[in-house]
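Notes for the structure review
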Amino acid sequence: MDNQGHIDHGKKIIVVVEGIYSMEGELCNLPEIVAICKKYKAYVYLDEAHSIGAVGKTGKGVCELLGVDTADVDIMMGTFTKSFGSCGGYIAGSKELIQYLKYTCLAHLYGTSYRLQLHNKLYPP
């Protein structure tokens with residue numbers, strides 16, 4: 001961004017926020033952040049590690065709680081270790097992003113599968 005507030009669109013801008021800031025327990029102002037990112041064509045990366053399973057009517061995190069369409073968030077990530085009492089985590093995004101991560105982030109090859117308890121929470125019988 002130059003001193004007049006213009007963005008060089010040849011560069012990618014990503015705004016990384018947490019759903020809930022764990023030390024203070026404060027929520028991010030996700031609706032405003034999404035609006036600003038849309039205005040300036042920036043990406044939104046939402047870390048739901050402390051909010052997924054904990055907030056929202058059905059525990060789906062800050063998007064549900066604050067009424068933000070998940071389609072307006074480019075990358076969402078969270079963990080299964082807190083609210084779900086399991087291991088591992090997730091990253092959600094476009095098909096292209098996930099494909100890129102699969103080919104460039106080899107750590108997923110050495111990850112553990114999730115526990116049956118988590119499977120039952122995600123896919124109730």
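For clarity, every value in this text was computed on a predicted model and none was experimentally measured. (Residues numbered from 1 in each chain as written. Predicted model: local features only at pLDDT ≥ 70, side-chain atom pairs only at ≥ 80, totals over all residues. Heavy atoms only, no water.)

1. Here's the deal with the overall build of the protein
Counting its regular elements, the protein contains four helices and six strands. Of all 125 residues assigned to the protein, the portion counted as buried reaches 27%. Considering only residue pairs separated by 6 or more positions, the protein has 53% of its internal contacts joining residues 24 or more positions apart. Summing over all exposed atoms, the protein offers an accessible surface of approximately 8700 Å²; the carbon and sulfur share of this is 57%. (Helix = DSSP H or I, 4+ residues; strand = E, 2+ residues; numbered from the N terminus. Buried < 20%, exposed > 50% of the residue type's maximum accessible area, 1.4 Å probe, protein only. Contact = heavy atoms within 4.5 Å. Areas by Shrake-Rupley, 256 points an atom, 1.4 Å probe, with all protein chains shown as cover.)

2. Notes on the environment of Tyr45
Looking at the element boundaries, Tyr45 is found in strand 4 (residues 43-47). Spatially, the C-alpha atom of Tyr45 lies 9.9 Å from that of Ala92, the residues being 47 residues apart in sequence. Non-local contacts of Tyr45, meaning those with residues more than four positions away in its chain, are made with Ile14, Val15, Val16, Val17, Ile75 and Met77.

3. Looking at the nonpolar core
If you look at the biggest cluster of nonpolar residues, it comprises 16 residues, and the most contacted ones within it are Leu30, Leu46, Cys63 and Val73. At the level of secondary structure, the elements contributing two or more residues to this core comprise helix 1 (30-40), strand 4 and helix 2 (62-66). In terms of residue count, the dominant contributor to this core is helix 1 (four residues). (Core = buried A, V, L, I, M, F, W, Y, C linked by side-chain atoms within 4.5 Å.)

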